[in-house]
Amino acid sequence: TSSQPTFDTTIQRRKTRPVKVGNVTIGGGYPVVVQSMINEDTLDIDGSVAAIRRLHEVGCEIVRVTVPSLAHAVALAEIKQKIIKTYQDVPIVADVHHNGMKIALEVAKHIEKVRINPGLYVFEKPNTNRTEYTQAEFEEIGDKIRETLEPLVVSLRDQGKAMRIGVNHGSLAERMLFTYGDTPEGMVESALEFIRICESLDFRNLVVSMKASRVPVMVAAYRLLAKRMDELGMDYPLHLGVTEAGDGEYGRIKSTAGIATLLADGIGDTIRVSLTEAPENEIPVCYSILQALGLRKTMVEYVACPSCGRTLFNLEEVLHKVREATKHLTGLDIAVMGCIVNGPGEMADADYGYVGKTPGYISLYRGREEIKKVPETEGVEELINLIKTDGRWVDP
Ligand code: SF4
């Protein structure tokens, strides 16, 4: 045993209640759930079934589908049945925009979760001269929202289904804007108003989101919401996402900047990376974020040095070869290092190490122990043999 002090670097997640969405649970200490949204027209039944399946096959655990009209709600019912018959039961969230209570009530019968946007429940008539709402006016509208929302809340509650209160920075209701400004506070108050309505009807299968396209706004809004909910004794899980993050490298970095910052604070129980690309492209980004933070381990963790003048082989090429040979394994850490300049500790305690030794030769490590020196040309093959000897190999 070692007497060295230790420091726990595990992320302490905010305690949340478990919310069941079909066969997946969000919150309650369950692994952070990965979700995305298909971009097919929901009226295209076969296209939507195929898109849901494609997403699920690459690791999307909950799939969102847009439902802009009653016809779409009916189509989604058919999609749900078809996916069960031809593939398996994938948890589906219906995104109900507008003040579409009829749509929401219909679709709630067929899928596991309904997402609503509080900013779209507007009863105030646009009045360009208006600059504020009196307390009485504010509450009067709140009462109307409650009346409108009640049947959906009761339906979801009685069916044991879930709701996401999905606030968007870009679509706050006017009275929230005038009262709290176009601010994280306005977003939080908007969510709290809907949460209170649900709670008053004894419905608590809630997930809340605070999306914004600006990362600092999004981060501030989620942090404020988590703080306010903790103060109020509310333990609802949070759905994280940066809206309109764009595409390519910057879209991924922008999403990661927002989502990972919050996850590192312990905030967030489900994530979606929104890219202007095929939705399947979002899933590896989600899993990479979770893996990098140590929240879920779904692939091999590669530790590799950036290479430098001391590098004894073509590091980029070798890392690529090692990855190609081992990427199907899960739960392993493999280090690929140009040399052992500062000792095996630099390999971050990887399970296996592939390290430059002398020109033309590499050393294989198991943990911090050097196992053998082999010609570089046999390096990858010998690494596989070592993993096999340890019984940690599975065929691809
Ligand atoms: Fe250079 Fe060696 Fe450091 Fe890699 S591990 S960057 S080769 S000194």
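An unreviewed UniProt entry annotates the protein chain as 4-hydroxy-3-methylbut-2-en-1-yl diphosphate synthase (ferredoxin) originating from Nostoc cycadae WK-1. Under the UniProt heading Catalytic activity (unreviewed entry), the note attached to the protein chain is "(2E)-4-hydroxy-3-methylbut-2-enyl diphosphate + 2 oxidized [2Fe-2S]-[ferredoxin] + H2O = 2-C-methyl-D-erythritol 2,4-cyclic diphosphate + 2 reduced [2Fe-2S]-[ferredoxin] + H(+)".

## A word on the overall build of the protein chain
Scanning the protein chain from terminus to terminus reveals 11 helices and 15 strands. The dimensions of the protein chain, computed from C-alpha atoms along their principal axes, are 80 × 50 × 40 Å. Buried residues in the protein chain amount to 40% of all 396 residues. Here the contacts in the protein chain between residues at least 6 apart in sequence split such that 65% fall between residues at least 24 apart.

## So, the nonpolar core
Core analysis: the biggest nonpolar cluster contains 84 residues, and Ala94, Val107, Val114, Ala191 and Tyr222 have the highest contact counts within it. Those residues in contact with tyrosine 222, other than ones at most four positions away along the chain, are Met210, Leu238, Leu240, Leu262 and Ile267. Counting 20 residues, the second-largest nonpolar core is a separate cluster that includes Leu312, Phe313, Met337 and Val355.

## Some words on unusual backbone geometry
Within the chain, aspartate 202 stands out as a residue other than glycine whose phi angle is a positive 60°. Within the element layout of this structure, aspartate 202 appears in the loop between helix 6 (184-200) and strand 8 (206-211). You can call aspartate 202 exposed: it has 9 C-beta atoms within 10 Å. At glutamate 244, a position not held by glycine, the phi torsion is positive, near 45°. Checked against the element boundaries, glutamate 244 lands in the loop between strand 9 (239-240) and helix 8 (248-264). By the C-beta count within 10 Å, which is 15 here, glutamate 244 ends up partly exposed.

## Looking at the confidence of the model for the protein chain
For the protein chain, mean pLDDT is 92; residues scoring 70 or higher make up 97% of the total. Model confidence for the complex is summarised by a pTM of 0.91, with the ipTM given as 0.98.

## Looking at the packing of helix 7 (residues 215-231) against helix 8
Taken N-terminus to C-terminus, the directions of helix 7 and helix 8 make an angle of 20°; their axes are 10 Å apart at the nearest point. Judged by the inter-axis angle, helix 7 sits roughly parallel to helix 8. Helix 7 and helix 8 meet at a crossing whose hand is right-handed. Of the residues in helix 8, those in contact with Val215, Met218, Val219 and Tyr222 of helix 7 are Lys254, Ala257, Gly258, Thr261 and Leu262. Class assignment of the residues belonging to the contact of helix 7 with helix 8 gives a composition of 6 nonpolar, 2 polar and 1 charged.

## So, the sheet that holds strand 13 (residues 352-358)
One open sheet accounts for 5 strands, arranged 11-12-13-14-15; its pairing is mixed. Edge positions in the open sheet fall to strand 11 (301-304) and strand 15 (369-375), since each of these has one partner strand only. Sheet twist, expressed as the average angle between the axes of neighbouring strands with direction ignored, equals 25°. Of the pairings in the sheet, the one linking strand 13 to strand 14 (residues 361-366) comprises 6 bridges and is antiparallel in character. Directly across from valine 355, in strand 14, lies its bridge partner serine 363.

Each value, and the rule that gives it
- The residue count restarts for each chain, going from 1 along the sequence in the order it is written.
- Two thresholds apply to this predicted model, a pLDDT of at least 70 for residue-level local features and 80 or more for giving and counting side-chain atom pairs, whereas whole-chain, interface and lining totals are computed over all residues.
- UniProt positions are given in the numbering used here, feature names are shortened, and annotations may be inferred rather than shown by experiment.
- Helix and strand definitions follow DSSP, with helices as H or I runs of at least four residues and strands as E runs of at least two, each counted in order from the N terminus.
- Three exposure classes are used, based on other C-beta atoms lying within 10 Å of a residue's own C-beta, which is placed from the backbone: buried for 20 or more, exposed for 12 or fewer, and partly exposed in between.
- Distance between backbone-placed C-beta atoms decides contact: two residues are in contact if it is within 7 Å.
- The term nonpolar core refers to a set of buried Ala, Val, Leu, Ile, Met, Phe, Trp, Tyr and Cys residues connected through C-beta atoms within 7 Å.
- Confidence scores per residue from the predictor, reported as pLDDT, run from 0 to 100.
- Axes here refer to lines fitted to C-alpha atoms; in helices the fit is confined to the stretch in contact. Angles between the N-to-C directions go from 0 to 180 degrees.
- Each angle is binned into one of four classes, with values under 35 degrees roughly parallel, values over 145 roughly antiparallel, values of 65 to 115 roughly perpendicular, and all other values oblique.
- For any helix crossing, the convention is left-handed if the near helix is rotated counterclockwise from the far helix by under a right angle, and right-handed if that rotation is clockwise.
- In this count, Pro and Cys sit with the nonpolar residues alongside Ala, Val, Leu, Ile, Met, Phe, Trp and Tyr, while Asp, Glu, Lys and Arg are called charged and the others, Gly among them, polar.
- Pairing between strands is defined by DSSP: at least two bridges between the two strands are required.

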